[in-house]
Amino acid sequence: MSSSAIIEVRDLRKKYGQFEAVKGISFDVFPGEIFGLLGPNGAGKSTTLEIMETLREKTSGRVVIGGFDLDQEPASIKKIIGVQLQASGYYPGLNLVQLLELFAGLYNRDIDTRAMLALVNLEDKAKARYKALSGGQKQRFSIATTLINEPKIIFLDEPTTGLDPQARRNLWELIAAIRKKGTTVILTTHYMDEAEKLCDRVAIIDKGNIIAMNTPDVLIDQLVASGFEKPKEVKQANLEDVFINLTGHALRDGD
Ligand code: ADP
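The following paragraphs examine the structure supplied in this document. Along each chain, residues carry numbers from 1 onward, in the same order as the chain's sequence is written. At least 70 in pLDDT is required for a residue's local features to be given in this predicted model, at least 80 for side-chain atom pairs to be given and counted, and no such filter applies to totals for whole chains, interfaces and linings, which use all residues. Excluded from the side-chain calculations are hydrogens and water; all other atoms, namely the structure's heavy atoms, are used.

Here we look at the overall build of the protein chain
The test is simple: Numbering of helices and strands runs from the N terminus, with a helix taken as a DSSP run of H or I at least four residues long and a strand as a DSSP run of E at least two residues long. Here the globule rule reads 2.2 Å times residues to the power 0.38, and the radius of gyration is calculated from C-alpha atoms. We call a residue buried when its accessible area falls under 20% of the maximum for its residue type, exposed when it is over 50%, and partly exposed in between, using a 1.4 Å probe and counting protein chains only.
For the protein chain, the count of helices and strands is nine helices and ten strands. Compactness check: the protein chain gives a C-alpha radius of gyration of 19 Å against a globular reference of 18 Å for 255 residues, within 12% of the reference. Summarising its shape, the C-alpha atoms of the protein chain cover approximately 55 × 55 × 35 Å along the three principal directions. Each of the 255 residues in the protein chain was classed as buried or not, and the buried ones make up 44%.

So, the packing of aromatic side chains
One pair of aromatic rings is described through two measures. These are the centre distance and the angle between the planes. Just so we agree on the cut-off: When two rings of Phe, Tyr or Trp (its six-membered ring) have centres within 6.5 Å they constitute a pair, described as stacked for plane angles under 30 degrees, edge-to-face for angles over 60, and tilted for the intermediate range.
Per the stated rule, a full pass over the model turns up five aromatic pairs. Judged by centre distance (5.4 Å) and plane angle (15°), the rings of Phe27 and Phe35 are stacked. Looking at Phe27, the relative accessible area reads 2%, which means it is buried. Where Tyr90 meets Phe103, the ring centres are 5.7 Å apart and the plane angle is 90°; that geometry is what we call edge-to-face.

Some points on the packing of helix H5 (residues 135-146) against helix H6 (residues 165-180)
Helix-helix packing is characterised by the crossing angle of the two axes and by the distance between the axes. Quick reminder of the rule: Fitted lines through C-alpha atoms give the axes, limited to the stretch in contact for helices. The angle between two N-to-C directions lies from 0 to 180 degrees. With respect to orientation, any angle under 35 degrees is reported as roughly parallel, any angle over 145 as roughly antiparallel, any angle of 65 to 115 as roughly perpendicular, and every other angle as oblique. Any pair of residues with heavy atoms lying within 4.5 Å of one another is described as a contacting pair. Throughout, the ten residues Ala, Val, Leu, Ile, Met, Phe, Trp, Tyr, Cys and Pro are labelled nonpolar, Asp, Glu, Lys and Arg are labelled charged, and all others, Gly among them, are labelled polar.
At a minimum axis separation of 10 Å, H5 and H6 run at an interaxial angle of 10°. Our classification of the angle between H5 and H6 gives roughly parallel. On the side of H5, the interface is formed by Gly136, Gln139, Arg140 and Ile143, while H6 contributes Ala167, Asn170, Leu171, Leu174, Ile175 and Ile178. Considered class by class, the residues forming the contact of H5 with H6 number six nonpolar, three polar and one charged.

And the structure:
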């Protein structure tokens, strides 16, 4: 195994009954990378993510995170990772400061709630209840909660699904800023533009297998080198460019 990797996954398999959802995948993630797991629905992305997060049992294979073997030291892994909760995990009636203090208590950490909210651009929502937030604000808040224990690695499962283009771009900036501080980021996404802009490397998963893994640039160059041509001439802009050009980059989710 490569000793410089912060995550090492070898021949990982997961069966649900007779159905094998993950069919022996192997990959490394290196410190400070943004690594994307891409693939259609049902490919096995969430299963893989949840196994790494220690939230789901694997059937076989080896997972080593931050030097800790998942089979032997899952508690040590939990201490160095940050995991996004599902929205249902938040008490809707508490305000953001109260929620952060609650999580900090669970992690046994003292945190500067204001600084944490500022990091995700939610300072002025400190006294707002979780349920009063827009979709983009909820996502930013959930990313803040992954950072409470100052993790080495954060896992983000479809962080921008359901957001408008402005909120998505804002999230990309946030994720890039978190990585700049040295945190390794593993994310899943259905958006190829997102993966292309944000990820240093991606693994494309289909039916439980990794069918390609590299930088987005190399994968695109390989496709072009294989003789692939776009069916029609590419325009200098797309509809999303039109939308952003007309409506601006500024956030529209209430701040
Ligand atoms: P993805 O995140 O790529 O959409 P998942 O990891 O959620 O894929 O699911 C992979 C496959 O495993 C799918 O066919 C899904 O139906 C199946 N699956 C996921 N969770 C369970 C479960 N708890 N029990 C049975 N099958 C499951």
